[in-house]
Amino acid sequence: MTHDRLTSPQRWVLGLTALAALLVGLDTTVVATALTTLRLDLGASAEQLEWTVNAYTLSFAVLLLTAAALGDRFGRRRIFVAGLSVFVLASAACAVAPGVGWLIAARAVQGAGAAAVMPLALTLLGEVVSPSTRARALGMFSAVVGASVPAGPLLGGAIADGTSWRWIFWLNVPLLALLIPLVLTRIAPSRGPRVRLDLPGLLLSAGAALGLVWGLVRANTAGWTGPETLLTLGAGVVLTVAFILVERRTEQPMLPLRLFGVRAFAAGNGAIFFLWASTFGSVYFMAQFFQVGQSTGPFEAGLRLMPWGAMTVLVPRTVGALIPKHGERPFIVGGMVLHGASLVWIAVLAAPDVAYWQLVAPLILSGIGVAAAIPATQSAVLGAVTPPDLGKASGAYSALRQLGGAFGVAAVVAVFAAAGGYASAQVFVDGFTPALIGCAALAMGAVVAGTGTPGRKLVTAARVDVPAVSAPPVAAPPFSAPTESARTGR
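Residues numbered from 1 in each chain as written. Predicted model: local features only at pLDDT ≥ 70, side-chain atom pairs only at ≥ 80, totals over all residues. Heavy atoms only, no water.

## Description of the overall build of the protein chain
Part 1: Looking only at helices and strands, the protein chain has 20 helices and 0 strands in total.
Part 2: By sequence separation, contacts in the protein chain at least 24 residues apart represent 85% of the contacts at least 6 residues apart.
Part 3: Approximately 17,700 Å² of the protein chain is accessible, and the part contributed by carbon and sulfur atoms is 69%. (Helix = DSSP H or I, 4+ residues; strand = E, 2+ residues; numbered from the N terminus. Contact = heavy atoms within 4.5 Å. Areas by Shrake-Rupley, 256 points an atom, 1.4 Å probe, with all protein chains shown as cover.)

Below you can see the structure in the form of structure tokens.
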């Protein structure tokens, strides 16, 4: 066996964890292009449509740290399989939903299952991949899971146009019925250090995430200065401070704050927060630009996003092989500069009558930048910790990624609403242009954070050489349905 070749057990773990993450990723994006069909079939209001996505986002974000901690305490494979089981049962419940209220509730349960799948997929893979095979596994994992980015909107649009939206959820059932037994037979059980469960930390982290994400996803509907927004965001901030104080004093914290004293860990987490904020904000509005600004259907909008999304499949494997030689910093900084510049390029071109071919080049360059930066942030974070902290690091990274996505969409929707609306294609473009400039500014936040990751010499000298894996681009951007004023004018 050569030093860079994956063994058969490693390939099984890689394939199964990547497939599980791919399915979770698809369900975060596949619904977006089917919202119009859902509205007509179920008679859903704009706010109810918003919650078919936000219910998933909220439970997903709130339970990430909790799921990672439960995996360390009770067994990582056990909680991973429990998450898959909850996810498949909730998918079936979504498929048979008699009304939009049932669908929203089932989507919330789906998000809870996904919260167990994502961080534990990273942890289970990280446990079995040796340092010599890290780059290979990281790139392959990213390439597989990255397929959810172009495939989600495309699949959702195709199903919505060609058959019932219910098949979006039915497709999960046979796939997971095959996947779960394979996980039980091909992935070895494992757990983290045998410590008592940090119950105060679990409750405070869940409450803090709930307050922050709820406030962000509701801010543009309820108003940034409205009582609901101020109360939920305020509660989130207070609970976050309480969580930090408790974790500093407890002997066995669920998230050791000492990890943030490691430069690579802190900088990588900061970079992924802003990266997700910029990425999800831009993809959210690009999908709408093609449908509202250029009057395409859901399926065609998904096709037009393919040049961007295809880069998330093609680029990560190459980047994964280059990270050991060049370090993470050039891929985070360079990737986000390229992404931000491409968004400004699109903003300059944006018009109801702009030819699609003029947008292809900046879409491809933006996709390359994002796809290069994602595995580098994950490598920086998980490569900075020792094996006992791998589960905690995965949970923290996943939680900050989700929070970044919620923050990014909320922020750029506010920018959009201040300058444009949905009354016509031109009015939409009036808001779309400054929204993309806002996404470019968020990308610069990732650039600043990324400069804190160690260069190649510091990477090899300063951190423990442990397996790292790439996080898939799967967190769902919270959907903000157009308000009545937005639909009728500026």
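## Some words on the side chain of T453
Part 1: Relative to the elements of secondary structure, T453 occurs in the loop between helix 18 (425–450) and helix 19 (456–462).
Part 2: Here G450 takes part through its backbone oxygen, which lies 2.6 Å from a polar atom of the side chain of T453.
Part 3: Once you skip the residues sitting within four places of it in the chain, T453 turns out to touch R263, A267, G268, E328, R329, I332 and A380. (Polar contact = N/O pair within 3.5 Å; in protein donor to acceptor, adjacent residues only side chain to side chain.)

## Quick notes on the pattern of salt bridges
Between side chains of opposite charge, a pair can form as their charged atoms come close.
Part 1: Applying the stated criterion across every chain, the model contains 6 salt bridges.
Part 2: K392 serves as the salt-bridge partner of D72, at 3.7 Å between the closest nitrogen and oxygen. You can see D72 sitting in helix 3 (residues 46–74) and its partner K392 sitting in helix 17 (residues 390–419), a full 320 residues away along the chain. In this pair, the class of D72 matches that of K392, namely buried.
Part 3: Salt bridges linked by common partners bring D72, R76, E127 and K392 together as one network. (Salt bridge = Lys/Arg side-chain N within 4 Å of Asp/Glu carboxyl O. Buried < 20%, exposed > 50% of the residue type's maximum accessible area, 1.4 Å probe, protein only.)

## Points about the layout of surface pockets
Part 1: Computed from the structure, the second largest pocket encloses a volume of approximately 510 Å³.
Part 2: Around the second largest pocket, the lining is made up of 23 residues, and of these L65, T240, A399, L400 and L403 lie nearest the centre.
Part 3: Only helix 3, helix 10 (199–222), helix 11 (227–249), helix 12 (263–293) and helix 17 provide two or more residues apiece to the lining of the second largest pocket.
Part 4: Here the element with the most residues in the lining of the second largest pocket is helix 10; it accounts for 7 residues.
Part 5: Tallied by class, the residues present in the lining of the second largest pocket amount to 20 nonpolar, 3 polar and no charged. (1 Å grid on protein atoms, 1.4 Å probe; cavity = no way out; pocket = protein on both sides within 12 Å on 5 of 7 lines; lining within 4 Å. Points joined across faces, edges and corners; volume = space filled by probe spheres on them. Nonpolar A, V, L, I, M, F, W, Y, C, P; charged D, E, K, R; others polar.)

## Considerations on a nonpolar patch on the surface
Part 1: Residues V96, W102, L155, W167, W170 and L171 make up a contiguous nonpolar surface patch of roughly 560 Å² in combined accessible area.
Part 2: Relative accessible area serves as the criterion here: at 32%, W170 is assigned to the partly exposed category. (Patch = residues over 30% accessible without salt bridge, like charges linked within 9 Å, V, L, I, M, F, W, Y side chains within 5 Å.)

## Focus on the nonpolar core
For soluble globular proteins, nonpolar side chains are generally found buried alongside one another.
Part 1: The biggest cluster of nonpolar side chains holds 100 residues, and the ones touching the most others in it are F80, L84, L275, F285, M286, F289 and F432.
Part 2: Examining the composition of this core, we find that 13 residues originate from one element, helix 12, more than from any other.
Part 3: Apart from residues lying up to four places away in sequence, F285 is in contact with V412, V413, F416, F428, F432 and A435.
Part 4: Membership of the second largest hydrophobic core comes to 33 residues, among which are A34, L103, A106 and V217. (Core = buried A, V, L, I, M, F, W, Y, C linked by side-chain atoms within 4.5 Å.)

## Here we look at helix 14 (residues 306–326)
Structurally, the α-helix is built with 3.6 residues per turn, so residues lying three or four positions apart point the same way.
Part 1: The end-to-end C-alpha distance of helix 14 is 29 Å, a good match for the 30 Å that 21 residues give at a rise of 1.5 Å each.
Part 2: Remark: the principal bend of helix 14, roughly 35°, maps to V315, with a proline, P316, within the next four residues.
Part 3: After helix 14 finishes, the residue G327 shows a positive phi value of roughly 80°. (Expected span 1.5 Å × (residues − 1). Bend = angle between axes of the 7 residues up to and from the residue.)

## Observations concerning the packing of aromatic side chains
Part 1: Scanning all chains against the criterion turns up 16 aromatic pairs.
Part 2: Each ring, one from Y56 and one from F60, has its centre 5.8 Å from the other, and the planes form 85°; the classification is edge-to-face. One end of the pair is Y56 and the other is F60, both in helix 3 and 4 residues apart, which spans about a single turn. The burial state of Y56 is the same as that of F60; both residues are buried.
Part 3: Taken together, a centroid distance of 6.0 Å and an interplanar angle of 20° make the contact between F428 and F432 stacked. (Phe/Tyr/Trp six-rings, centres within 6.5 Å; stacked < 30°, edge-to-face > 60°.)

## Here's the deal with the confidence of the model for the protein chain
Part 1: Of the residues in the protein chain, 89% have a pLDDT of 70 or more, and the chain-wide mean is 84.
Part 2: By mean pLDDT, helix 20 (residues 484–488) is the weakest element of the protein chain at 38, and helix 15 (residues 329–349) is the strongest at 96.
Part 3: Low confidence marks residues 457–490, where pLDDT is under 50. Its contacts with residues over four positions away, or in another chain, come to 121 contacts. (pLDDT = per-residue confidence, 0-100.)

## As for a positive patch on the surface
Part 1: Where like charges cluster on the molecular surface, the positive patch consists of R73, R78, R191 and R194.
Part 2: Mapped onto the secondary structure, R78 falls in helix 4 (residues 76–95).
Part 3: R78 gets classed as exposed once you look at its relative accessible area, which sits at 56%. (Lys, Arg positive; Asp, Glu negative; His and termini not counted. Charge placed at Lys NZ, Arg CZ, Asp CG, Glu CD.)

## What about helix 12?
Part 1: With 31 residues, helix 12 extends 43 Å from end C-alpha to end C-alpha; this agrees with the ideal 45 Å at 1.5 Å per step.
Part 2: In terms of residue burial, helix 12 counts as a mostly covered element, since 24 of its 31 residues are buried.
Part 3: Just beyond helix 12, the residue with positive phi is S295, at close to 60°.

## Some thoughts on the environment of V313
Part 1: Inspection of the secondary structure puts V313 in helix 14.
Part 2: When the C-alpha atoms of V313 and A147 are compared, they prove to be 5.6 Å apart, with 166 residues separating the residues in sequence.
Part 3: Apart from residues lying up to four places away in sequence, V313 is in contact with A143, G146 and A147.

## Topic: the packing of helix 4 against helix 9 (residues 172–186)
Part 1: Helix 9 packs onto helix 4 with a crossing angle of 165° between their chain directions and a minimal axis gap of 10 Å. When the axis of helix 4 is compared with that of helix 9, the two are roughly antiparallel. With respect to the hand of their crossing, helix 4 and helix 9 are arranged in left-handed fashion. Where helix 4 approaches helix 9, its residues R77, F80, V81, L84, S85, F87, V88, S91 and A92 are matched on the opposing element by N172, V173, L176, L179, I180, V183 and L184.
Part 2: When the residues that make up the contact of helix 4 with helix 9 are grouped by side-chain class, the tally is 12 nonpolar, 3 polar and 1 charged. (Axes fitted to C-alpha atoms, helices over the stretch in contact; angles between N-to-C directions. Parallel < 35°, antiparallel > 145°, perpendicular 65-115°, else oblique. Left-handed = near helix turned anticlockwise from the far one by under 90°.)

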